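Fold and geometry: a report
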Amino acid sequence: MAVGAPLPLVELEAGEYLLDTVQQLGPIRSTGMGLTIPDWQEMVAFAAASGLHLEPWEYRLVRKMCAGYLREFNAGKEPLSMPPIERETEGQPLSKERAAQREANRKP
């Protein structure tokens, strides 16, 4: 991917409100001992203060989204880490561009 090129974004079909919730809540916290995700009490307080009426499964999903953000945030500190958008996922082939890049890297 060229420097300064816009990142390809995933198209959401539903659940954009959950992504908005994660962004408004803030997916990570610094505790002085390291980074963590928002705790349950903070999530409930945020929802109450924001007028959100989330179901239990939505709270769990928001928490998983925060955990995924933190995991990739930490992985991004590794200089040789691959951005999530460029990773293969089970059952989904690589884009033609990424497959060509991988093939070029394999050749001596």
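Notes on the structure follow. Note that the structure is a prediction, hence the values are computed from the model and not measured. (Residues numbered from 1 in each chain as written. Predicted model: local features only at pLDDT ≥ 70, side-chain atom pairs only at ≥ 80, totals over all residues. Heavy atoms only, no water.)

**With respect to the overall build of the protein**
In terms of helices and strands, the protein carries four helices and two strands. Secondary structure elements of the protein occur, N-terminal to C-terminal, as α-β-β-α-α-α. Taking all 108 residues of the protein together, 19% fall into the buried category. A separation of at least 24 residues holds for 49% of the contacts in the protein among residues at least 6 apart in sequence. (Helix = DSSP H or I, 4+ residues; strand = E, 2+ residues; numbered from the N terminus. Buried < 20%, exposed > 50% of the residue type's maximum accessible area, 1.4 Å probe, protein only. Contact = heavy atoms within 4.5 Å.)

**Remarks on the nonpolar core**
The biggest cluster of nonpolar side chains holds 12 residues, and these are Leu18, Val22, Leu25, Ile37, Met43, Phe46, Ala47, Leu54, Tyr59, Val62, Cys66 and Leu70. Residue assignment for this core shows that the elements contributing at least two residues are α1 (16-25), α2 (40-50) and α3 (56-75). Counting residues per element, this core draws most heavily on α3, which supplies four residues. Contacts of Phe46, omitting those with residues within four sequence positions, involve Thr21, Gln24, Leu25 and Leu52. (Core = buried A, V, L, I, M, F, W, Y, C linked by side-chain atoms within 4.5 Å.)

**Regarding the pattern of salt bridges**
Pairing is possible between side chains that carry opposite charge, provided their charged atoms lie close to one another. For the structure on display, the rule yields two salt bridges. The shortest N-O distance in the salt bridge between Glu42 and Arg29 comes to 2.7 Å. Residue Glu42 is found in helix α2, and its partner Arg29 is found in strand β1 (residues 29-30); the two are separated by 13 residues along the sequence. With relative accessibility at 30%, the residue Glu42 sits in the partly exposed group. (Salt bridge = Lys/Arg side-chain N within 4 Å of Asp/Glu carboxyl O.)

**Here's the deal with the packing of aromatic side chains**
By convention here, two paired aromatic rings are described through the distance between centres and the angle between planes. Applying the stated criterion to the full structure yields one aromatic pair. An angle of 15° between the planes, with centres 6.5 Å apart, marks the rings of Tyr69 and Phe73 as stacked. Of this pair, Tyr69 and Phe73 both sit in helix α3, separated by four residues, roughly a single helical turn. Looking at Tyr69, the relative accessible area reads 42%, which means it is partly exposed. (Phe/Tyr/Trp six-rings, centres within 6.5 Å; stacked < 30°, edge-to-face > 60°.)

**A few points about the packing of α1 against α2**
At a minimum axis distance of 11 Å, the contact between α1 and α2 shows a crossing angle of 110°. As summarised for this structure, α1 and α2 are arranged roughly perpendicular, according to the angle between their axes. Across the interface between the two elements, Thr21, Gln24 and Leu25 of α1 pack against Glu42, Met43 and Phe46 of α2. (Axes fitted to C-alpha atoms, helices over the stretch in contact; angles between N-to-C directions. Parallel < 35°, antiparallel > 145°, perpendicular 65-115°, else oblique.)

As far as function goes, none of this settles anything; it's purely spatial.
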